[in-house]
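# Examining the three-dimensional arrangement
The chain contents come next:
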Amino acid sequence: MPRIAIFFDRDGVLNEEVGHIAKASDLRVYPFAAEAVRRVNETGVLAIVVTNQSGIARGLLSEASLKGIHDRLEEVLDFGGARLDDIYYCPHHPEYGTPQYRRVCNCRKPNPGMLFAAARDHEIDLTQSTFVTDRHREIAMAQMLGLQSVLVLTGYGRSEREQQGYVNMPRPDLIAEDVLHAVQSIVSGMSREKPNVAARKATSADRATCWSSRSTHGEGAR
Ligand SMILES: [Mg+2]
Ligand SMILES: [Zn+2]
């Protein structure tokens with residue numbers, strides 16, 4: 001039985017957006033983040049972080065320091081009774097860094113690689129899942145993949161929302177003051193109503209077509 005997840009962008013959602021965070025002592029976890037993640041834990045839905053960390057490619061931090069930062073994040077959340085089921089990060093950048101990290105990858109958001117990896121690793125139905133972020137380009141990614149999307153007004157969120165009238169921006173399913181308000185709405189929506197079955201089915205059917213046409217294509221090429 002496929003599982004459901006709430007995916008969180010990290011910076012500007014669970015912790016303050018302060019540019020590249022290079023060490024654990026620079027991490028400022030929002031005071032409401034633990035409660036938000038704990039609510040997710042209580043519903044039996046997966047709580048998963050997906051974060052671009054091109055600071056690694058740029059030489060601003062190592063993968064070891066990132067692990068230290070994530071240990072710290074999990075420690076702070078644990079103190080509030082909350083737990084992340086997984087953390088995915090992209091260390092790459094298309095233009096900067098050593099050859100090891102300088103590449104056009106499929107994992108750097110808004111590319112879908114991290115969501116696909118999580119879906120595979122945890123047997124997640126993405127079309128029943130939700131993505132919470134402070135960036136419009138990630139809202140667009142979530143919508144393309146059939147996830148619900150929530151824009152939070154922390155981090156870049158408020159200025160992203162202000163641009164909404166000027167540019168042809170994607171419309172998130174929900175705009176929330178912060179990640180706690182986001183989770184409260186998502187969770188109460190889950191218990192109150194069944195998702196729009198017709199719309200969801202159309203989405204998964206489209207995806208299935210997309211996948212099978214790709215694999216047919218692959219077989220034809222062999
Ligand atoms: Mg962010
Ligand atoms: Zn990557």
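Residues numbered from 1 in each chain as written. Chains lettered and ligands numbered in written order. Predicted model: local features only at pLDDT ≥ 70, side-chain atom pairs only at ≥ 80, totals over all residues.

### With respect to the overall build of the protein
Secondary structure assignment for the protein yields seven helices and six strands. When the elements of the protein are put in sequence order from the N terminus, they spell out β-α-β-α-β-α-β-α-β-α-β-α-α. Residue pairs at least 24 apart in sequence account for 69% of intrachain contacts in the protein once pairs closer than 6 positions are excluded. (Helix = DSSP H or I, 4+ residues; strand = E, 2+ residues; numbered from the N terminus. Contact = placed C-beta atoms within 7 Å.)

### Things to note about the sheet that holds strand E6 (residues 174–176)
On the basis of which strands lie adjacent, the open sheet formed by six strands has the order E3-E2-E1-E4-E5-E6 and parallel pairing. One side of each edge strand has no neighbouring strand; the edge strands of this open sheet are strand E3 (86–90) and E6. Across the sheet, the axes of successive neighbouring strands diverge by a mean angle of 20 degrees, strand direction being ignored. Examined bridge by bridge, strand E5 (residues 148–152) and E6 share three bridges and lie parallel to one another. Bridge pairing in E6 places Val-150 opposite Leu-174. Strand contacts of helix H3 (residues 113–122): strand E1 (5–8), strand E2 (46–52) and E3, with the helix running at about 150 degrees to E3, the strand carrying the most contacts. (Pairing = 2+ DSSP bridges. Axes fitted to C-alpha atoms, helices over the stretch in contact; angles between N-to-C directions.)

### Focus: the nonpolar core
By size, the foremost hydrophobic cluster in this structure holds 52 residues, and its most contacted members are Ile-6, Phe-7, Phe-8, Val-37, Ile-48, Val-132 and Val-179. Excluding residues within four positions of it along the chain, Val-132 makes contact with Ile-6, Phe-7, Phe-8, Asp-9, Val-13, Val-150, Val-152, Val-179 and Ala-182. (Core = buried A, V, L, I, M, F, W, Y, C linked by C-beta atoms within 7 Å. Buried ≥ 20, exposed ≤ 12 C-beta atoms within 10 Å, placed from the backbone.)

### Considerations on the environment of Tyr-88
Secondary-structure assignment places Tyr-88 in strand E3. Judged by local crowding, Tyr-88 falls into the partly exposed class, with 18 C-beta atoms found within 10 Å. Residues Tyr-88 and Asp-9, 79 residues apart in the sequence, show an inter-C-alpha distance of 9.8 Å. Contacts of Tyr-88, omitting those with residues within four sequence positions, involve Val-49, Val-50, Met-114, Ala-117 and Ala-118.

### Side note on unusual backbone geometry
With omega at 15 degrees, the peptide bond leading from Lys-109 into Pro-110 counts as cis. Locating Pro-110 in the fold gives a position in the loop between E3 and H3. One non-glycine residue, Glu-123, adopts positive backbone phi at about 50 degrees. Tracing the backbone shows Glu-123 in the loop between H3 and strand E4 (130–133).

### Quick word on the pairing of E4
Burial of the side chains of E4 extends over both faces: Thr-130 and Val-132 are buried on one face and Phe-131 and Thr-133 on the other. Relative to E4, E1 runs parallel, the two sharing three bridges. Along E4, the bridge assignment pairs Phe-7 with Phe-131. Bridging between E4 and E5 involves four bridges; their strand directions are parallel. Among the inter-strand pairings, Thr-130 is bridged to a residue of E5, identified as Gln-148. For the crossover from E4 across helix H4 (residues 136–144) to E5, the handedness is right-handed. (Right-handed = clockwise from strand over helix to strand, strands pointing away.)

### Considering the confidence of the model for the protein
Put simply, the protein has an average pLDDT of 88, and 85% of its residues get 70 or more. Under a pLDDT of 50 for its full length, residues 195–222 has, in the predicted model, seven contacts with residues more than four places off or in other chains. (pLDDT = per-residue confidence, 0-100.)

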